[in-house]
Amino acid sequence: MSQDAVEAAAEVVEERERKSWFIDIRPLRVVAYRRMWIGNGVSFFGFQFTSVAVPIEMYAITHSSAWVGLLGVAGLVPLLIFGLWGGAAADVVDRRKLLLASSTLAWLSTVGLLVQALLHLNSGYVLLALVALQSAGFAISSPARQAIIPRIVPGGLVPAANTLAYTTTTAGGVLGPLAAGVIFTATTTDTGIIAAYLVDALLFTVSFWATWRLPAIPPIEHDLAEERPSAGLRGVLVGLRFLVTQPVLLLSFAVDIIAMVFAMPRALFPEVAADRFGGDQAVGWLFSAIAIGSVVAGLFSGWIGRIKRQGVALVIAVIGWGIAIGFAGLAHSLWLILLLLAVAGAADLVSAVYRQSILQVYAPDRLRGRLQGVFTVVVAGGPRLGDLRAGATADLTSTTASWAGGGFVAAGLSVVLALVFPALIRYKPPAGTGRSASR
């Protein structure tokens, strides 16, 4: 960014400290961030139409839940591979150009889904291939998108910028499937699938516009004494070597893995809905409750940016997530379960904002993309491992033991981790983060 743009953005954070409890919207005064926020929010809302349509189409073609399950594998494998590579690339090339290229790949995969639906190819293999391509595009773009934020937003507003982003995407995750459901209710399955893909492809263009209008964001010139950054395996390994020497970052990843692997109960929702509440109506509410809690917490998140002991806040949020999940697993009243899941969702938003903010501020810009790549893999892989853990434990014990026990174990392990390795709870944002990190 130009020096004028940096200074104009930094002026935003130099205002008198904000005291409101409502969501902090000051990052939206930064033009580049505002465009990104709009583009990402609209495109994520559109993506929800595809996320609903793909499994519906797969089941309509194959009449097999096993084939529907393969969609998760098709999306996860490219995410794990290209998340790391995309992070390394984000430290080597202009992040705006990388975001444009990877977004183009994801958009073309959406157009491919639309075309195959229009042509009635009725091929499960084509769907798997296109989902894998879309996942690869997302995996490459995600580290670049997140690594851009500290370059366009003053450091003191990074938590607020992340809160805005998480709140918007979570709201899209609630409203998008509901809107897609309206389409499928009002039309035939074939027409609904085509309409869903079309909506996603059209809304994605807003994200293109936002990325196109970004300023150039080339890599910051590295110290001549340091090894030149690489987008290959060597570059990935450099990032991993740095990560293992940073207890704060390692611990922030560790508490997230604990929270997701031990206390993510969503794989149990269908069985619990059927056994305790009689079926499908309850399962929709169970799947929505966590996201609704996150949205509500985001709307009342003005305090998040004022917290200086961010490591302590992160650990408390993860403990709160685990305890709320644990008690939800013991409850037999639907309204109480939903309330506790919403509380867990609120805690999840807080922990997500602080994890992302700690990484963005703590990591040097020359390694930020690579570390964001690792972050993408952790965030994507943790909940899927949690699904596996929850289902397997429920088969061996019971849904109550798997759900409630997992939540309380996550809370306990987080306490132990924080006490045995206190680097995270000692963490505060470095002095000077009120100025823009893009300098």
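Per-chain numbering applies: the sequence of each chain, read as written, is numbered from 1 onward. Only residues with pLDDT of at least 70 are given local features in this predicted model, and only at 80 or more are side-chain atom pairs given and counted; all residues enter the totals for whole chains, interfaces and linings. Hydrogens and waters are ignored; side-chain quantities use all the structure's heavy atoms.

Per an unreviewed UniProt entry, the protein goes by the name MFS transporter and belongs to Paractinoplanes deccanensis. UniProt positions are given in the numbering used here, feature names are shortened, and annotations may be inferred rather than shown by experiment. You can read under Subcellular location (unreviewed entry) in the UniProt record for the protein the words "Cell inner membrane".

(A) Structural context of the overall build of the protein. For the protein, the helix and strand inventory stands at 15 helices and zero strands. Exposure categories follow from relative accessible area, calculated using a 1.4 Å probe and restricted to protein chains: below 20% of the type maximum is buried, above 50% is exposed, and the middle band is partly exposed. Counting every position in the protein, which comprises 439 residues, the buried fraction comes to 52%. Nonlocal contacts in the protein, meaning residues at least 24 apart in sequence, comprise 86% of its contacts between residues at least 6 apart. When the accessible surface of the protein is summed, it comes to about 18700 Å², and 69% of that surface belongs to carbon and sulfur atoms. The helix and strand labels rest on DSSP assignments: H or I over at least four residues marks a helix, E over at least two residues marks a strand, and numbering proceeds from the N terminus. Contact definition: two residues touch when any of their heavy atoms are within 4.5 Å. To measure how exposed things are, a 1.4 Å probe is used in the Shrake-Rupley method; for residues, cover is taken only from the protein chains shown.

(B) Fine view of the packing of aromatic side chains. Each aromatic pair joins two rings of Phe, Tyr and Trp (for Trp, the six-membered one) with centres within 6.5 Å, and gets the label stacked for planes under 30 degrees apart, edge-to-face for over 60, and tilted for any other angle. Throughout the structure, instances matching the rule amount to eight aromatic pairs. Relative to F208, the ring of F204 lies with its centre 5.4 Å away and its plane at 40°, an arrangement referred to as tilted. Here F208 and F204 lie together in helix α7 (residues 189–212), a separation of four residues that amounts to about one turn. Neither residue differs from the other here; F204 and F208 are each classed as buried. Among the aromatic residues, those joined into a cluster by ring pairs are W107, F204 and F208. Each ring is checked for a lysine NZ or an arginine CZ that lies within 6 Å of its centre and within 35 degrees of its normal; such an atom marks a charge sitting over the ring. Here the basic side chain of R96 rests over the ring of W212, its NZ or CZ set 5.1 Å away from the ring centre.

(C) Main features of unusual backbone geometry. One non-glycine residue with positive phi stands out, namely H63, at about 55°. Note on H63: relative accessible area 59%, which makes it exposed. Despite not being glycine, N122 shows a phi value in the positive range, around 50°. Counting through the fold element by element, N122 comes out in the loop between α4 (95–118) and α5 (124–152).

(D) Structural detail: the side chain of D256. In this structure, D256 sits in helix α9 (residues 247–263). On the basis of relative accessible area, D256 is assigned to the buried category, the value being 3%. Excluding anything up to four places from it in sequence, D256 contacts R355, V378 and V379.

(E) Local environment of the packing of helix α13 (residues 334–362) against helix α14 (residues 365–396). Packing of α13 against α14 brings their axes to within 10 Å, and their N-to-C directions diverge by 155°. Considering the angle they form, α13 stands roughly antiparallel to α14. α14 is crossed by α13, and the crossing has right-handed handedness. Along its contact with α13, which presents R355, Q356, L359 and Q360, the element α14 presents R368, L371, Q372 and F375. Note on geometry: axes are lines fitted to C-alpha atoms, helical ones only across the stretch in contact, with angles between N-to-C directions running from 0 to 180 degrees. We call two directions roughly parallel when the angle between them is under 35 degrees, roughly antiparallel when it is over 145, roughly perpendicular when it lies between 65 and 115, and oblique otherwise. Crossing handedness is read from the near helix: turned anticlockwise from the far helix by less than a right angle, it gives a left-handed crossing, and turned clockwise, a right-handed one.

(F) Layout of the packing of α9 against helix α12 (residues 310–330). Closest axis-to-axis distance for the α9/α12 pair is 10 Å, and the angle between their directions is 5°. When the interaxial angle is binned, α9 and α12 end up roughly parallel. Across from S252, V255, A259, M260 and A263 in α9, the residues of α12 making contact are L314, V318, W321 and I325. Any residue outside Ala, Val, Leu, Ile, Met, Phe, Trp, Tyr, Cys, Pro, Asp, Glu, Lys and Arg is labelled polar, Gly included; the first ten of those are nonpolar and the last four are charged. Across the contact of α9 with α12, the residue classes tally to eight nonpolar, one polar and no charged.

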